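Structural overview for review
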Protein chains: 2
Amino acid sequence: MINGNNIVAGNYATVEGELFKATDPSTGEQLTGDFYAANALLIDETLNAATAAFKVYRTIAPATKAKFLRTIADKLNAVGEELISRAVAESGLPVGRITGELGRTTGQLRMFADLVEEGSWVEAVIDTAQPERLPIPRSDIRRMYTPIGPVVVFGASNFPLAFSVAGGDTASALASGCPVVVKAHPAHPGTSALAGAAISAAALETGMPAGVFSLLYDNGYSVGAQLVKHEQTKAVAFTGSYNGGMALIKLAQERKSLIPVFTEMGSINPVVLLPGILELQPEALAAKYAGSITLGAGQFCTNPGLILAVKSEGLNKFVAALGGAIELTPSATMLTSGIWKNYEKLSGEILAEQGIELITKSTAINTEKVNQSVATIAKVSAEAFIANKKFGEEIFGPWSLLVVADNVEQLQEVIASLDGQLTATVMAEKGELAAYNDLLNVLTEKTGRIILNGVPTGVEVCAAMQHGGPFPSTSDSRFTSVGTGAIYRFVRPLAWQDWEDALLPPELQNANPLNIWRQVDNNWTKE
Amino acid sequence: MINGNNIVAGNYATVEGELFKATDPSTGEQLTGDFYAANALLIDETLNAATAAFKVYRTIAPATKAKFLRTIADKLNAVGEELISRAVAESGLPVGRITGELGRTTGQLRMFADLVEEGSWVEAVIDTAQPERLPIPRSDIRRMYTPIGPVVVFGASNFPLAFSVAGGDTASALASGCPVVVKAHPAHPGTSALAGAAISAAALETGMPAGVFSLLYDNGYSVGAQLVKHEQTKAVAFTGSYNGGMALIKLAQERKSLIPVFTEMGSINPVVLLPGILELQPEALAAKYAGSITLGAGQFCTNPGLILAVKSEGLNKFVAALGGAIELTPSATMLTSGIWKNYEKLSGEILAEQGIELITKSTAINTEKVNQSVATIAKVSAEAFIANKKFGEEIFGPWSLLVVADNVEQLQEVIASLDGQLTATVMAEKGELAAYNDLLNVLTEKTGRIILNGVPTGVEVCAAMQHGGPFPSTSDSRFTSVGTGAIYRFVRPLAWQDWEDALLPPELQNANPLNIWRQVDNNWTKE
């Protein structure tokens, strides 16, 4: 049962605010449930509660925090059926995809539970005292990561579970020891309400301070802006468009105190097809990329929006095969009518630019549904691409642009002209790669993750994952929003000098009671 | 022999720019040497060279990089005598202090050489492939830290060696694999020229790409502003005042691409004297703090500018003893006439505020020298402190303000009212600390380093050091500018997916040829 009131520190708060409803993007029809935009008073109340909760939650025992995270996963599974059907209705994404996303979401929560329970993530560093050192004795200094305070998380439209209310940002922030205030995405408020209720119930059941989690609604931008500017907010996490991300950055710049604002703003994820593989397996490549480009109606941060290659017979075959596959790709419901309109507009505008040539558009359009994406591929020359910045901008949807270079040098110039990217991919035959060292170096500088012979869609949730690249793909390339590393966005090092052992956090006590890996006098040890 | 031309990628560049000279702050007289402000053309040339050098330097072998850093230390020692006497003349700091600072500077360079040679600092994380995983196979993903690009370092006035041209920012940036462009501090251009020549010679001798290091002069703000706004600059490191740091932050906000700007903007470093220790050893405490407040004419980021205590007989004794010591503290030459004027102005203005009472001023003033600091201590009530934000602002110099609370609750209110700090100190008798849990929690949230029974001046250069606290003490509390951790300011994680083993960086290859600690499938190992 969906309750569309704002959740403030464990309670549903009623406000006389703007009321809005969710829409099924495949029909354009309204769904059940009334949702209420939060107001300034509620925002203050929320952040006061989060700040109060932080005083308790920041030093809560790792095992207790892990139990909270696992209980959230359990509660999500308990409402799984309702959650999945509502998310499908609100997003237009297929049941299989949303079911997988629920698994990813609970998997992330359990992964962070394991991480905090194991405990070594705090990167404890201990330099013991040297009382005999000359000319002056050395103090005992011990450092570890500690949470920074209330984090505002913006739900993302394209992952209504895994990057939304109970998604990776929330999981990593809660794991770090920070309370979370989620601004629900207006495209899936019902899904948000269900996930929010699950987190609240888990917090209550595991005895967390009430302000550890809140969920606020808004059908516009005002609540988000107030949250970012609120002096009690200590960090912001956002996944969405360049314009949306930069708007939050600008708001944060107006603050009195500086805070980290993590915005993942998308990417065109260049794919470089090397000559050898194009010659040997153009059709297999085309099939692989047709699938990656159109996955989830192309609504991925890691959608391969740019394909780069040197002209060749193999490339011609690839283009023919890719064109054939794209032409037959069935349309899919896009996440919102706004995203659909934007896709139509941008893909239309770009096709009117000088030097671009349409390769093909899908003709398999479902006319019984609305907001249907039309998969499209086009091509330009390397020269035209370099000359016109517009060709390098993201078009969110099942769109990809092929850039044809005359030779490898020109291919490298195209790569050098790119902005920062979340991912970059190279498709190569065995042994082919070694001859492209310069090109690979240039490509590496542009990206956070470099892939060989794979597709960039599909972001593994693991310790080694890097989902964050040079600006403008993200606001800060030094952090990741996927994988265990995401926790480091919300912590800062804190050092204790000559402190009493019994009063140190357990992570830093001599006896190492949590049995974690620590760097003691420059050696890694569990002693 | 001092050459006052700008050093651009290993060469002295002559410009027809503004010429300026160094001043001896103890006499106000000009020192030998002409220095030339850089211009826009030179800045472009410098950053082009740095960007070109980055392409080579970013993947240079760790042992080669270590040799470069150690050779810088050797070259600094080789000009040690000239360097020390020039730094003394330009800063007014005593020979002993500058000699120690040279040791710290070369020590930092050797520490970073050891760090990069050992190699584990890159935090390699490897998640191996699981080709049999269902529903989809898992890719092999390997991540490590890589440098972000050219770093602009601003020399700081208060550490003409250790936080200047060859100081900790430069050492950590070079260690990370980033080229460095230093903007010399105009208060010690001769010292800068000597250190810059040492770095250039070391770069040449060890075969570094020429653009790995450049040194630019300016007697004003224009060159620094242009460097921060230059699109090829990828990070900025600065230590100085709040106004200076915030000016750089604002400039960086005007950039097209976002970059990290690390500004260490000072702090008043509260010292909490608990009742027990005040009762038992008020005089010893006073002697300790008189020394810390006046060390280096109080010109430390970690100068204890605020002393907090509950009123008591012991506190009265402490005040009497501290007053006596401060009154007899000899004046010292301040770094520049600007800093001296500012100290005179701010300490004068604050003493005119309502509710403040002068405890004592030093009467031991050296009238044969100019720009002499007058050590001063004053006191206010807790109520007055909380009511007037000015009492919490830094006064750079040998100044300290005692805040007297009526009781522990009020003491805690004072702490809660503080801005973010680099350090916080608690002076306590053995066993006394445990009773102040709430107070300590509030204090801990405000600071990057918390010290028991010590003085905050004296920042150990080691792995566990945290020199960076919540805003406004630094722009980003998640990083440190002292200790081995400082290297992490200039790197970002980069992940390779399914890459060919032989083409991976050695840090990530299966055989672990560098024998570093790595996290492989969630286990720390050197295998």
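Up top is the structure.
Below is a summary of the structure that appears in this document. (Residues numbered from 1 in each chain as written. Chains lettered and ligands numbered in written order. Predicted model: local features only at pLDDT ≥ 70, side-chain atom pairs only at ≥ 80, totals over all residues. Heavy atoms only, no water.)

1. Points about unusual backbone geometry
What counts is decided by this rule: The helix and strand labels rest on DSSP assignments: H or I over at least four residues marks a helix, E over at least two residues marks a strand, and numbering proceeds from the N terminus. Only protein chains enter the accessibility calculation, which uses a 1.4 Å probe; a residue whose area is less than 20% of its type maximum is buried, one above 50% is exposed, and one in between is partly exposed.
Cis geometry is found at the peptide bond from Phe471(A) to Pro472(A), where omega equals 5°. Turning to its location among the elements, Pro472(A) is positioned in the loop between β20 (447-452) and β21 (491-497). Cis geometry is adopted by the peptide bond preceding Pro135(B), which originates at Leu134(B) and carries an omega value of 0°. Within the fold, Pro135(B) resides in the loop between β7 (124-127) and β8 (141-147). At Asp498(B), a residue that is not glycine, the phi angle is positive and equals roughly 55°. Among the structural elements, Asp498(B) can be located in the loop between β21 (491-497) and β22 (518-520). Asp498(B) sits in the partly exposed class, given a relative accessible area of 28%. Even without being glycine, Asn522(B) reaches a positive phi, approximately 70°. Counting through the fold element by element, Asn522(B) comes out in the loop between β22 and β23 (523-525).

2. Details of the relation of the copies chain A and chain B
Using the following cut-off: Superposing the copies works by least squares over the C-alpha atoms of residues that have pLDDT at least 70 in both of them. Whether two residues are in contact is decided by their heavy atoms: any pair within 4.5 Å suffices.
For the pair chain A and chain B, the relating rotation is 180°, the translation along its axis is 0.0 Å, and the fit reaches an RMSD of 0.0 Å. Taken together, the turn and the small shift mark the pair as related by a two-fold rotation axis. Within chain A, the C-alpha atom positioned nearest to the axis of rotation is that of Gln253(A), 3.8 Å from it. Take the interface residues of chain A: 100% of them recur as interface residues in chain B, which is what a same-surface contact looks like.

3. Things to note about the nonpolar core
Going by this rule: For this analysis, a nonpolar core means a set of buried residues of the types Ala, Val, Leu, Ile, Met, Phe, Trp, Tyr and Cys, connected via side-chain atoms within 4.5 Å.
Ranked by internal contacts, the top residues of the largest apolar core, which has 215 residues, are Phe68(A) and Phe68(B). Filtering out sequence-adjacent residues up to four positions away, Phe68(A) remains in contact with Tyr57(A), Leu174(A), Ile199(A), Ala202(A), Ala203(A), Thr206(A), Met208(A) and Val212(A).

4. Looking at the pairing of strand β12 (residues 235-239) of chain B
Along any regular strand, the residues point their side chains to alternate faces of the sheet. Residues and elements named next belong to chain B. What counts here: Any two strands with at least two DSSP bridges between them are considered paired.
Of all five residues that make up β12, five are buried, and the element is covered over most of its length. Burial along β12 is two-sided: Ala235, Ala237 and Thr239 facing one way and Val236 and Phe238 facing the other are all buried. Pairing geometry for strand β9 (residues 151-154) and β12, over three bridges, is parallel. Along β12, the bridge assignment pairs Val153 with Ala237. Pairing of β12 with strand β13 (residues 261-264), which is carried by four bridges, proceeds in the parallel orientation. Across the sheet, the residue bridging to Thr239 is Glu264, located in β13.

5. Regarding the interface of chain A and chain B
How large an interface is tends to be reported as the accessible area lost when its parts come together. The condition that has to hold: When two parts are put together, the accessible area they lose, computed with a 1.4 Å probe and summed over both, is reported as buried area. Here, a salt bridge means any Lys or Arg side-chain nitrogen found within 4 Å of an Asp or Glu carboxyl oxygen. What qualifies as a polar contact is a pair of N or O atoms within 3.5 Å, subject to a donor-acceptor requirement within protein and to the restriction that residues adjacent in sequence count only when both atoms come from side chains. When residues are sorted by character, Ala, Val, Leu, Ile, Met, Phe, Trp, Tyr, Cys and Pro go into the nonpolar class, Asp, Glu, Lys and Arg into the charged class, and all the rest, Gly among them, into the polar class.
Listed as interface residues are 68 residues of chain A and, on the opposing side, 68 residues of chain B. Interface area lost by chain A to chain B is led by Leu258(A), Arg478(A) and Trp499(A), which between them contribute 13%. For the pair chain A and chain B, the interface holds four salt bridges. In this structure, Lys55(A) and Glu445(B) form a salt bridge, with 3.6 Å as the shortest nitrogen-oxygen distance. Linking chain A with chain B are 26 residue pairs in polar contact (both at pLDDT 80 or more), by the criterion used here. Looking at the side of chain A that touches chain B, the elements that each hand over two or more residues are α1 (40-57), β7 (124-127), β8 (141-147), α8 (242-253), α15 (437-445), β20 and β21 of chain A. Among the elements that make up the side of chain A that touches chain B, the one with the highest residue count is β21(A) (seven residues). Across the side of chain A that touches chain B, the residue classes tally to 33 nonpolar, 15 polar and 20 charged. Pairing geometry for β20(A) and β21(B), over three bridges, is parallel. Its bridge partner lying in β21(B), Ile450(A) is registered against Trp496(B).

6. Examining the packing of aromatic side chains
Rule in force here: Only rings of Phe, Tyr and Trp enter the pairing, Trp through its six-membered ring, and a pair is recorded when the two centres are within 6.5 Å. The plane angle decides the type: under 30 degrees is stacked, over 60 is edge-to-face, the rest tilted. Any Lys NZ or Arg CZ found within 6 Å of a ring centre and within 35 degrees of that ring's normal is scored as a charge over the ring.
Following the criterion strictly, the structure yields 25 aromatic pairs over all chains and no others. Judged by centre distance (5.9 Å) and plane angle (40°), the rings of Phe20(B) and Phe35(B) are tilted. Of the two residues, Phe20(B) sits in strand β3 (residues 19-20) while Phe35(B) sits in strand β6 (residues 35-36), which places them 15 residues apart along the sequence. When its relative accessible area of 0% is taken as the criterion, Phe35(B) is described as buried. Joined through ring pairs, the aromatic side chains of Phe262(A), Phe479(A), Phe490(A), Phe262(B), Phe479(B) and Phe490(B) make up one cluster. The ring of Phe54(A) has Arg58(A) sitting right over it, with the charged end atom 5.9 Å from the ring centre. Arg489(A) extends its terminal NZ or CZ atom over the ring of Phe262(A), reaching a point 5.7 Å from the ring centre.

7. Re the packing of α1(A) against helix α7 (residues 222-229) of chain A
Residue and element names in this part refer to chain A. The line we're drawing: Axis definition: a line fitted to C-alpha atoms, limited for helices to the stretch in contact. Angles are taken between N-to-C directions and run from 0 to 180 degrees. An angle below 35 degrees is treated as roughly parallel, one above 145 as roughly antiparallel, one from 65 to 115 as roughly perpendicular, and anything else as oblique. Handedness of a helix crossing follows the sense of rotation of the near helix relative to the far helix, less than a right angle counterclockwise being left-handed and clockwise being right-handed.
Relative orientation of the contacting elements α1 and α7 amounts to 40°, with a least axis distance of 10 Å. Between α1 and α7, the interaxial angle falls into the category oblique. Relative to α7, the crossing made by α1 is right-handed. Where α1 approaches α7, its residues Ala40, Ile43 and Leu47 are matched on the opposing element by Val223, Gln226 and Leu227.

8. A short note on the sheet that holds β21(A)
If you trace the twelve strands from one edge of the open sheet to the other, you get β23(A)-β22(A)-β7(A)-β8(A)-β21(A)-β20(B)-β19(B)-β14(B)-β15(B)-β18(B)-β17(B)-β16(B), paired in mixed fashion. Each edge of the sheet is formed by a strand with only one pairing partner; in this case those strands are β23 (523-525) of chain A together with β16 (357-361) of chain B. For this sheet, the mean inter-axis angle between neighbouring strands, taken without regard to orientation, is 20°. Of the pairings in the sheet, the one linking strand β19 (residues 421-427) of chain B to strand β20 (residues 447-452) of chain B comprises five bridges and is parallel in character. The residue of β20(B) that forms the bridge with Thr423(B) is Arg449(B). The sheet strands contacting helix α10 (residues 282-294) of chain B are β14 (270-273), β15 (306-310), β17 (376-381), β18 (399-405) and β19 of chain B, and the helix crosses β19(B) at an angle near 165°. Strands β16, β17 and β18 of chain B of the sheet are contacted by helix α12 (residues 337-351) of chain B, whose axis makes an angle of about 20° with β18(B).

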